[in-house]
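Examination of the molecular architecture
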Amino acid sequence: MGKTERKRLMVMLGPPGAGKGTQAVNVAKRYSIPHISTGDIFRAAIKEGTDLGRKAKKYLDAGELVPDSVVTDIVAERISKDDCVGGFLLDGFPRTLPQAEALDKMLSDKGCPLTAVVDLAVDRDALVKRLTARRACSKCGENYNLVSKAPKKEGVCDKCGGALYQRDDDKRETIENRLSVYEKQTAPLIEYYKRSGRLVSASGEGPIDGVFKRICAALD
Ligand code: AMP
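Treat the numbers as computed from the prediction; the structure is a model and nothing was measured.

Before going further, it helps to spend a moment on the site of the ligand. In the vicinity of the ligand, 17 residues are found, and the nearest of them are Thr38, Arg43, Glu64, Gly92 and Arg95. One of the backbone nitrogen or oxygen atoms of Gly92 is found 2.8 Å away from a nitrogen atom of the ligand. Within the side chain of Gln99, one N or O atom sits 3.0 Å away from a nitrogen atom of the ligand. Here the ligand, which alone exposes 480 Å², has 96% of that area covered by the protein. Every element with two or more residues in the shell around the ligand is listed here: helix H3 (38-48) and helix H4 (51-62).

Tracing the backbone through its elements, the reader meets Leu189 in helix H9 (residues 188-195). Residue Leu189 is classed as buried on the basis of its relative accessible area, which comes to 0%. With 141 residues separating them in the primary sequence, Leu189 and Glu48 have C-alpha atoms 32 Å apart. Excluding residues that lie within four positions of it along the chain, Leu189 makes contacts with Leu13, Pro94, Arg95, Thr96, Leu97 and Ala100.

So, about the sheet that holds strand S6 (residues 143-145). Overall, antiparallel pairing links the three strands, which are arranged S6-S5-S7 in an open sheet. The open sheet is flanked by S6 and strand S7 (164-165), the only strands paired with a single partner.

With parallel pairing, the five strands of this open sheet are ordered in space as S2-S3-S1-S4-S8. Strands at the two margins of the open sheet, each flanked by one partner only, are strand S2 (35-37) and strand S8 (199-203). With strand direction ignored, the average angle separating the axes of adjacent strands in the sheet is 20°. Sheet analysis places strand S1 (residues 8-13) next to strand S3 (residues 87-91), joined by five bridges and oriented parallel. From the neighbouring strand, Leu9 faces S3, where its bridge partner is Phe88.

Each value, and the rule that gives it
Within each chain, residue numbers correspond to sequence positions counted from 1 in written order. With the structure being a predicted model, the display of local features is reserved for residues of pLDDT at least 70 and the display and counting of side-chain atom pairs for 80 or more, all residues being used for whole-chain, interface and lining totals. Heavy atoms throughout the structure, all of them, feed into the side-chain values; hydrogens and water do not. Distances are taken per atom, and a residue is near a molecule or strand as soon as one of its heavy atoms is within 4 Å of it. Distance and chemistry together define a polar contact, namely a pair of N or O atoms within 3.5 Å, with one atom able to donate a hydrogen and the other to accept it when in protein, and with adjacent residues in sequence counting only for side-chain atoms on both sides. Using a 1.4 Å probe, accessible areas were evaluated by the Shrake-Rupley method; residue-level cover was limited to the displayed protein chains. What counts as a helix is a DSSP run of H or I of at least four residues, what counts as a strand is a run of E of at least two, and both are numbered from the N terminus. The buried label applies to any residue whose accessible area, calculated with a 1.4 Å probe on protein chains only, is under 20% of its type's maximum; exposed applies above 50%, and partly exposed to all values in between. Throughout, a residue-residue contact means that at least one pair of heavy atoms, one from each residue, lies within 4.5 Å. When DSSP locates at least two bridges between a pair of strands, those strands are taken to pair. Axis definition: a line fitted to C-alpha atoms, limited for helices to the stretch in contact. Angles are taken between N-to-C directions and run from 0 to 180 degrees.

What follows is the structure, given as structure tokens:
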């Protein structure tokens, strides 16, 4: 019983470029729970050329959402793995109302409702600036930002020496589309979670450490 109460079943919500990925890694580490990023799952599947990758690629390239049923099945399978018994942090899921409802249903079937949803808020102009400056390592996946977290040597990963690249969906045309998809389909989730008293908001502006401190304070 005590163990169930300590379970942390969390969601990181926020527009593309708010820093969800970076903060989710830190928050998951702090609570010793797995970080589950649906975007990372799709990118890995595309790289490996699996069926899922082939299905997802056209949506990612266009900045559109992968159909709800595809994403929901992946998440249902992932959170039923052993490492999720003590909790997990979802990053990039849910992104639509039907996904949020499906997640609530999955968790209520297990008798463990979501404990917190963190909403990272960042102003739209800042998002465009951040997204166009985003780079990732083609070898180890480490994330960089030419403005806030530049690599020591241009185009080279500090950690493994791999070449840095810009995600196709971080090109300007796709960014505009991703932001309007967010406004239309994902932003309504803020109200959905607020209504059920599970929303915790933190400003995602400013240095990474400061944002992390605000999230922790809000969660504690
Ligand atoms: P992200 O890395 O979270 O920005 O996700 C990159 C892309 O993966 C998105 O633009 C979508 O095409 C796809 N994706 C990730 N998560 C979801 C989701 N929950 N629902 C639908 N599509 C998703």
